[in-house]
Amino acid sequence: DLLYVNLIYYADVSVIILLAVFVSPVINGFYKLYYELAKNNNTELRYLFYFFLGTKRYFKAVVFNIITALLLIVNFTIWLIPYFAVDTIINFEILQGNFISIISVVLYSAGMVGAVLTSVKYIISEFTFVDDETKSFSHFFFKFGSKIGRKHFRDLVLLIFTFIPWFALCFFVLPGI
């Protein structure tokens, strides 16, 4: 029975991941819609499905989304390695006590803040992608996104921090629903 339950679970998860990957150009379509609204004051629903209009454009959007997800995962993992190390020490009962728990919380908080702040360039790369999807992936992720991220880092950090009340509201309201 447990084997069948695990098989069904992994099949469901696989199908969900595949659907997410193949429908992900809709996310790029949202960015295209916002981009066209800001640039040309034009809001047409066709921009939402813009990346489904050509095979090359569609697969480039899928690959772009997969690379973005992998870069975000790697970025968050690197920033959270110190937390994972301390958490492993706590789990194996090498060290215990309030002090080590406080260190764990501080490392986790610092890691999350660092990961979010350094992930900003990947968020910007989405807008550069919808502006001109003919350029190379290295241009989106490393050249232009990093350049804009350095120039406007303070503004981007302030923008991220303005969403904290909304995150807090979701954190406290959604579990109650």
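Residues numbered from 1 in each chain as written. Predicted model: local features only at pLDDT ≥ 70, side-chain atom pairs only at ≥ 80, totals over all residues. Heavy atoms only, no water.

Chemist: Looking at this structure, I do not really get the packing of helix 3 (residues 55-91) against helix 4 (residues 98-118). What am I missing?
Modeler: Axis angle and axis distance: for two packed helices, these are the angle between their axes and the distance between the axes, and together they describe the pair. Relative to each other, helix 3 and helix 4 sit at 170°, their axes nearing to 8 Å. In terms of axis orientation, helix 3 runs roughly antiparallel to helix 4. (Axes fitted to C-alpha atoms, helices over the stretch in contact; angles between N-to-C directions. Helix = DSSP H or I, 4+ residues; strand = E, 2+ residues; numbered from the N terminus. Parallel < 35°, antiparallel > 145°, perpendicular 65-115°, else oblique.)

Chemist: Before we go on, may I ask you to explain helix 5 (residues 120-131) in this structure?
Modeler: The periodicity of an α-helix, 3.6 residues per turn, causes residues three or four places apart in sequence to face the same way. Under the 1.5 Å per step criterion, the end-to-end length of helix 5 is 18 Å for 12 residues, consistent within 8% with the ideal 16 Å. All of the buried residues in helix 5 are Val-120, Tyr-122, Ile-124, Ser-125, Glu-126, Thr-128, Phe-129 and Val-130. (Expected span 1.5 Å × (residues − 1). Buried < 20%, exposed > 50% of the residue type's maximum accessible area, 1.4 Å probe, protein only.)

Chemist: Hey, could you run me through the pattern of salt bridges in this one?
Modeler: Pairing between side chains of opposite charge can happen when the charged atoms of each approach one another. Scanning the model with the defined rule gives 2 salt bridges in all. With its nearest N and O atoms 3.4 Å apart, the salt bridge here joins Lys-32 to Glu-36. Placement of the pair is Lys-32 and Glu-36 together in helix 2 (residues 25-40), with a separation of 4 residues, close to one helical turn. Residues Arg-46 and Glu-44 are paired through a salt bridge, measuring 2.5 Å at the closest nitrogen-oxygen approach. (Salt bridge = Lys/Arg side-chain N within 4 Å of Asp/Glu carboxyl O.)

Chemist: What should I look at first to understand a nonpolar patch on the surface in this one?
Modeler: There is a patch of nonpolar side chains on the surface, built from Leu-159, Phe-161, Phe-163, Ile-164, Trp-166, Phe-167, Leu-169, Phe-171, Phe-172 and Val-173 and spanning about 1,100 Å² of accessible area. Listing elements by their share of the nonpolar patch, those giving two or more residues are helix 7 (153-162) and helix 8 (164-173). Top contributing element to the nonpolar patch by residue count: helix 8, with 7 residues. As for its position among the elements, Phe-163 is in the loop between helix 7 and helix 8. Given a relative accessible area of 39%, Phe-163 falls into the partly exposed group. (Patch = residues over 30% accessible without salt bridge, like charges linked within 9 Å, V, L, I, M, F, W, Y side chains within 5 Å. Areas by Shrake-Rupley, 256 points an atom, 1.4 Å probe, with all protein chains shown as cover.)

Chemist: What am I meant to see in the side chain of Lys-60 here?
Modeler: For Lys-60, the position within the fold is in helix 3. Residues contacting Lys-60, with those up to four places away along its chain left out, are Phe-129, Glu-133, Thr-134, Lys-135 and Phe-137. (Contact = heavy atoms within 4.5 Å.)

Chemist: Explain the environment of Phe-59 here, please?
Modeler: Locating Phe-59 in the fold gives a position in helix 3. Linking Phe-59 and Pro-25, residues 34 residues apart in sequence, is a C-alpha distance of 8.7 Å.

Chemist: Is there a simple way to think about the packing of helix 7 against helix 8 in this case?
Modeler: Interaxial distance between helix 7 and helix 8 falls to 4 Å at its minimum, and their mutual angle equals 25°. Taken together, the axes of helix 7 and helix 8 are roughly parallel relative to one another. Contacts from Ile-160, Phe-161 and Thr-162 in helix 7 reach Ile-164, Pro-165 and Trp-166 in helix 8. Taken together, the residues that form the contact of helix 7 with helix 8 break down as 5 nonpolar, 1 polar and no charged. (Nonpolar A, V, L, I, M, F, W, Y, C, P; charged D, E, K, R; others polar.)

Chemist: Got a minute to help me understand the nonpolar core in this structure?
Modeler: One broad trend across soluble globular proteins is that nonpolar side chains are buried collectively. Counting residues in hydrophobic clusters, the biggest one holds 7 residues: Tyr-35, Tyr-50, Phe-51, Ala-61, Phe-64, Phe-129 and Val-130. With near-sequence residues (within four places) excluded, Tyr-50 lies in contact with Lys-32, Arg-57 and Glu-133. (Core = buried A, V, L, I, M, F, W, Y, C linked by side-chain atoms within 4.5 Å.)

Chemist: Got a minute to help me understand the confidence of the model for the chain in this structure?
Modeler: For any part of a model where pLDDT is low, the fine detail of the predicted coordinates should not be relied upon. Across the chain, the average pLDDT comes to 80, with 88% of residues at or above 70. By mean pLDDT, the top-scoring element of the chain is helix 2 (86), and the lowest-scoring one is helix 6 (residues 137-151) (68). (pLDDT = per-residue confidence, 0-100.)

Chemist: Looking at this model, I keep getting lost on the side chain of Asn-75. Mind explaining?
Modeler: Here Asn-75 lies in helix 3. Asn-75 gets classed as buried once you look at its relative accessible area, which sits at 11%.

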